[in-house]
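Inside the fold
Residue-level listing of the chains:
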Amino acid sequence: MGLRFYNTLTRQEEDFLPLRPGEVRLYTCGPTVYDYAHIGNFRTYLWEDLLRRHLEHRGFRVIQVMNLTDVDDKTIANAREAGLALEEYTRRYIDAFFEDLDALGIERAEQYPRATAHIPEMVRLVLRLREKGHLYESRGSLYFKIDTFPAYGRLAHVDPGTRAGHARIDADEYEKDDPRDFAVWKMRKDGEPYWDTELGAGRPGWHLECSAMSMKYLGETFDIHTGGVDNIFPHHENEIAQSEAATGTTFVRYWMHAAHLIVDGEKMSKSRGNVHTVRDLRQRGFDSRALRYLLLSVHYRKPLNFTFEGLAQSQAALSRLDDLAFRLEREDRPAGGHPELRTAVEAARAGMLEALDADLNTAGALGHLFDLVREAHSALDASRAGREDLKAVRETLALFEAIFGIRLGQHGILEAEIEALIKRRVEARASRDFAQADRIRDDLAQRGIVLEDTPQGVRWKRKGS
RNA sequence: GGCGGCGUAGCCAAGCGGUAAGGCAGAGGUCUGCAAAACCUCGAUGCAUCGGUUCGAUUCCGAUCGCCGCCUCCA
């Protein structure tokens, strides 16, 4: 069975078949660069990275685009408050964003278009819409008229016949014919950045950038568009309206959305003081691999409750994988293979991939992986493993590393001083001077180096946070 | 008010019609100079509650309770 994804549009899991065989065109809604992205944002980006990696592993060429929203109400307001030009201000957070992506081991997308660099494309899209009669002007701004697009509401399942709930009427909305109509072009305001265009002086509406940039890089119809659930309405609904009204064809074939992350059971918010950023957690000494593991280990469509206990549990789980990887690096066995271990490897491998094929069931995949961890240790302990088996187990761990984007095992170099201490301890043990050996072990433990004496010799690892 | 999601052992979390994966923590044991790691054994007659459908439901349907979210340019 092939890939299956849950499509928000149909509210069903569907077989995934890309438009062009062997190629997936993917648009992932990116950050608004007015502040550091928090771990909730990264839950979504990490899941998208997993999606990308799994598609790649399944042999697809992935063309991913992630936008950077560098002009909107918040970026403008914050830049002004900081006394910086918009571009100068957003540059800082764009740089920080990429640092965080690297820290979390997120693969780079093919394109990271910035909104401010695509004003002409957006203007062209607006002109098309105006030509087709989907827009009206009010006080210099241009609005999309919902009534002209009958399919409006299909994604979010809002009834086009009724008003969308009790949306509060703010000052802006007095200018609209219908409160659900949305701005595609906002007239210039004093003190705000603007562009002189055929549409007049002003700036683009938020939804516009994603339509214009996704279609520019991926075509008028592309395969997958992702984001957080909060984007379903109105952002993605409006994108569909704008794009399809302009092109007359299907905009996106599969819509996928990640559920939110909460912290200690509560919504993350500045006022609650429970907003965590990647840099904060790293500064506090947490392994970013453990964070990645935690955020990936819960199915993306389920709410994830972030706690420090959960982070510690992820760190512990990861240690277990590290330990096996470490053991496999060190051990060798006679050539050959044993059917039981080979069967376990195959079961784990197939189980992992099947789970991931089924709408990216990461928790299910991890279950299969840990089954193998136990089988592999057992086989090694009982000498029921040959060189070929070890290779097969290593390959399965490598599969995990590639798709989950987490490197396993002990990597790093010890300082000469620590290396010397380990050597002295080995000698002390050889001469049965256990008091000295324990002293050295305790000393190293203080420095975060844990020693284990194994039949294959001493092994060390850095203590996890 | 409208729309949506979630509720499985102490904690995290799969499964979603055929009799409850996996991880963490904990207990006992094997191994070890002692540890650590690893391995073995132990945990829900039970999947929020109450009804219904079914030969059979954690899985489907209905109601109720609790939590989270969107409807405000929040991933």
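Residues numbered from 1 in each chain as written. Chains lettered and ligands numbered in written order. Predicted model: local features only at pLDDT ≥ 70, side-chain atom pairs only at ≥ 80, totals over all residues. Heavy atoms only, no water.

**Topic: empty space enclosed by the protein**
- Inspection of every chain in the model, using the stated rule, returns four cavities of 30 Å³ or more.
- Approximately 60 Å³ is the volume found for the largest cavity.
- What lines the largest cavity is simply Tyr 45, Glu 48, Asp 49, Arg 52, Gln 64, Met 66, Leu 101, Ile 106, Glu 107 and Tyr 112.
- Of all the secondary-structure elements, those providing two or more residues to the lining of the largest cavity are α1 (39-57) and β4 (61-66).
- With four residues, the single largest contributor to the lining of the largest cavity is α1.
- Here the residues of the lining of the largest cavity are counted per class, giving five nonpolar, one polar and four charged.
- The calculated volume of the second largest cavity comes to roughly 50 Å³.
- If you trace the second largest cavity, you find it lined by Trp 47, Leu 50, Leu 295, Leu 296, Val 298, His 299, Tyr 300, Leu 360 and Thr 362.
- Elements with a contribution of two residues or more to the lining of the second largest cavity: α1 and α8 (288-297).
- A breakdown of the residues in the lining of the second largest cavity according to their chemical character gives seven nonpolar, two polar and no charged. (1 Å grid on protein atoms, 1.4 Å probe; cavity = no way out; pocket = protein on both sides within 12 Å on 5 of 7 lines; lining within 4 Å. Points joined across faces, edges and corners; volume = space filled by probe spheres on them. Helix = DSSP H or I, 4+ residues; strand = E, 2+ residues; numbered from the N terminus. Nonpolar A, V, L, I, M, F, W, Y, C, P; charged D, E, K, R; others polar.)

**Some details on the nonpolar core**
- Membership of the largest hydrophobic core comes to 127 residues, with the highest contact counts inside it found for Leu 55, Phe 144, Phe 306 and Phe 400.
- Ranked by the residues each element gives to this core, the list is headed by helix α11 (residues 362-381), at nine residues.
- Viewed by domain, this core spans two of them, domain 1 (16-134 + 148-159 + 207-258) and domain 2 (278-404), each represented by three or more residues.
- The next biggest cluster of nonpolar side chains, apart from the first, holds nine residues, and it includes Ile 422, Ile 449, Leu 451 and Trp 460. (Core = buried A, V, L, I, M, F, W, Y, C linked by side-chain atoms within 4.5 Å. Buried < 20%, exposed > 50% of the residue type's maximum accessible area, 1.4 Å probe, protein only. Domains from an automatic or database assignment.)

**Notes on the sheet that holds strand β6 (residues 141-144)**
- One open sheet holds the five strands; their spatial order is β5-β6-β7-β9-β8, and the pairing between them is antiparallel. Across the chains shown, the open sheet's two edge strands, defined by having one partner strand only, are β5 (135-138) and β8 (195-197). Each adjacent strand pair in this sheet contributes to an overall mean axis angle of 40°, direction not counted.
- In the sheet, strand β7 (residues 182-187) pairs with strand β9 (residues 200-204) via three bridges, with the strands oriented antiparallel. Directly across from Lys 186, in β9, lies its bridge partner Arg 203. (Pairing = 2+ DSSP bridges. Axes fitted to C-alpha atoms, helices over the stretch in contact; angles between N-to-C directions.)

**Notes on the side chain of Glu 192**
- Checked against the element boundaries, Glu 192 lands in the loop between β7 and β8.
- What Glu 192 contacts, discounting residues up to four positions off in sequence, is Ile 76, Arg 80 and Arg 203. (Contact = heavy atoms within 4.5 Å.)

**With respect to the domain arrangement of chain A**
- Under the domain assignment used here, chain A contains domain 1 (16-134 + 148-159 + 207-258), domain 2 (278-404) and domain 3 (416-462).
- Placing a centre on the C-alpha atoms of domain 2 and another on those of domain 3 gives a separation of 28 Å.
- Facing the five residues of domain 2 at the interface are five residues of domain 3.
- Buried area between domain 2 and domain 3, both sides added, is near 490 Å², and the carbon and sulfur share of it is 41%.
- The largest per-residue losses of area from domain 2 upon contact with domain 3 belong to Asp 323, Phe 326 and Arg 330, which jointly make up 74% of the total buried on that side. (Buried area = accessible area lost by both parts, 1.4 Å probe.)

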